[in-house]
Amino acid sequence: MKNLVVFASGSGSNFQSIIDAISSGSLSANISGLITNKDFIRAIDRARKVDIPVSVLNPSEFESTEEYENRLLEILQENNADLLILAGYMKKIPSAVVNKYEDRILNIHPSLIPKHCGKGFYGLKVHESVLDSEDEETGCTVHIVNQEFDDGPILAQSKVSVQSDDTPETLAKRVLAEEHKLYPKVIQEYLKKLN
Ligand code: GRF
């Protein structure tokens, strides 16, 4: 069984969809750790409920980037990480980690990459940008993480139509519901390739 280490910075609803997919048997994997950059977030409560070890690691509390990278690498090793899953993680993964886990880090983004992505496109800003551009459809994308924001090879996308009365909030909600279906499925497929 492969070990997933999930990174989250907020509510962790995608993290929850992965936990649920594992317990329903549609995803065969183990979550060996949750890494966050913040205390007191909902993702931590979700982890504690099912006894997933939590590591809170705030980059700004380290004396140097190198020290932070080394600690992160150490935790990943302790968790026997096979695949790193970014699920609403608001920090950039340091390059030493991207290099060590090349092609073994996935991310989900709430738009159809290459649209509405990159630095500054997070949360409701993504959906505001979709509405400002008058796009007729949007969706979510799962991709492999490389050194740039939202830039690595795309593994899958799921589309959502934009309705004339959508607000950033209503759109976010429908896209998030698609994310919850797409991410566990793509992880399952990707794990097969890692075998
Ligand atoms: C999701 O929209 C995801 O695409 C983005 O951050 C959000 C995280 O939501 N990367 P949650 O914490 O999983 O609820």
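Above this text you will find the structure in question.
Values in this document were obtained by computation on a predicted structure and should not be read as measured data.

Scoring rules and cut-offs
Residues numbered from 1 in each chain as written. Predicted model: local features only at pLDDT ≥ 70, side-chain atom pairs only at ≥ 80, totals over all residues. Heavy atoms only, no water. Helix = DSSP H or I, 4+ residues; strand = E, 2+ residues; numbered from the N terminus. Rg over C-alpha atoms; globule rule 2.2 N^0.38 Å. Buried < 20%, exposed > 50% of the residue type's maximum accessible area, 1.4 Å probe, protein only. Pairing = 2+ DSSP bridges. Axes fitted to C-alpha atoms, helices over the stretch in contact; angles between N-to-C directions. Near = heavy atom within 4 Å. Polar contact = N/O pair within 3.5 Å; in protein donor to acceptor, adjacent residues only side chain to side chain. Areas by Shrake-Rupley, 256 points an atom, 1.4 Å probe, with all protein chains shown as cover. Nonpolar A, V, L, I, M, F, W, Y, C, P; charged D, E, K, R; others polar.

(A) A look at the overall build of the protein chain. Along its length, the protein chain carries six helices and seven strands. Overall, the protein chain shows an N-to-C arrangement of helices and strands of β-α-β-α-β-α-β-α-β-α-β-β-α. Its C-alpha atoms give the protein chain a radius of gyration of 16 Å, within 12% of the compact-globule value 16 Å for 195 residues. Overall, the C-alpha framework of the protein chain stretches about 50 × 40 × 30 Å when taken along its three principal axes. Out of the 195 residues in the protein chain, the part that is buried amounts to 50%.

(B) The arrangement of the environment of Asp51 in detail. Within the secondary structure, Asp51 is located in the loop between helix H2 (42-49) and strand E3 (54-56). Distance in space between the C-alpha atoms of Asp51 and Ser32 is 9.6 Å, their sequence separation being 19 residues.

(C) Representation of the pairing of strand E6 (residues 137-144) in the model. Counted residue by residue, E6 has seven buried out of eight residues, so it is predominantly covered. Pairing of strand E5 (residues 105-109) with E6 involves four bridges; the strand directions are antiparallel. Its bridge partner being in E6, Asn107 is matched across the sheet by His143. Note that E6 and strand E7 (residues 154-161) share seven bridges and pair antiparallel. Across the sheet, the residue bridging to Gly139 is Lys159, located in E7.

(D) Structural context of the sheet that holds strand E2 (residues 30-36). The mixed open sheet is built from seven strands, whose spatial order is E3-E2-E1-E4-E5-E6-E7. Lying at the two open borders of the sheet, with one neighbouring strand each, are E3 and E7. This sheet shows a mean twist of 20° between the axes of neighbouring strands, independent of strand direction.

(E) Spotlight on the site of the ligand. The local shell around the ligand consists of Ser11, Gly12, Ser13, Asn14, Gly88, Ile108, His109, Pro110, Leu176 and Glu179. Between an oxygen atom of the ligand and a main-chain N or O atom of Gly12, the distance comes to 2.8 Å. Interatomic distance of 2.7 Å between a side-chain N/O atom of Glu179 and an oxygen atom of the ligand. About the coverage of the ligand: the protein hides 79% of its 370 Å² of free accessible area. Residue assignment for the shell around the ligand shows that the elements contributing at least two residues are helix H1 (13-24), E5 and helix H6 (168-194). Class assignment of the residues belonging to the shell around the ligand gives a composition of three nonpolar, six polar and one charged.

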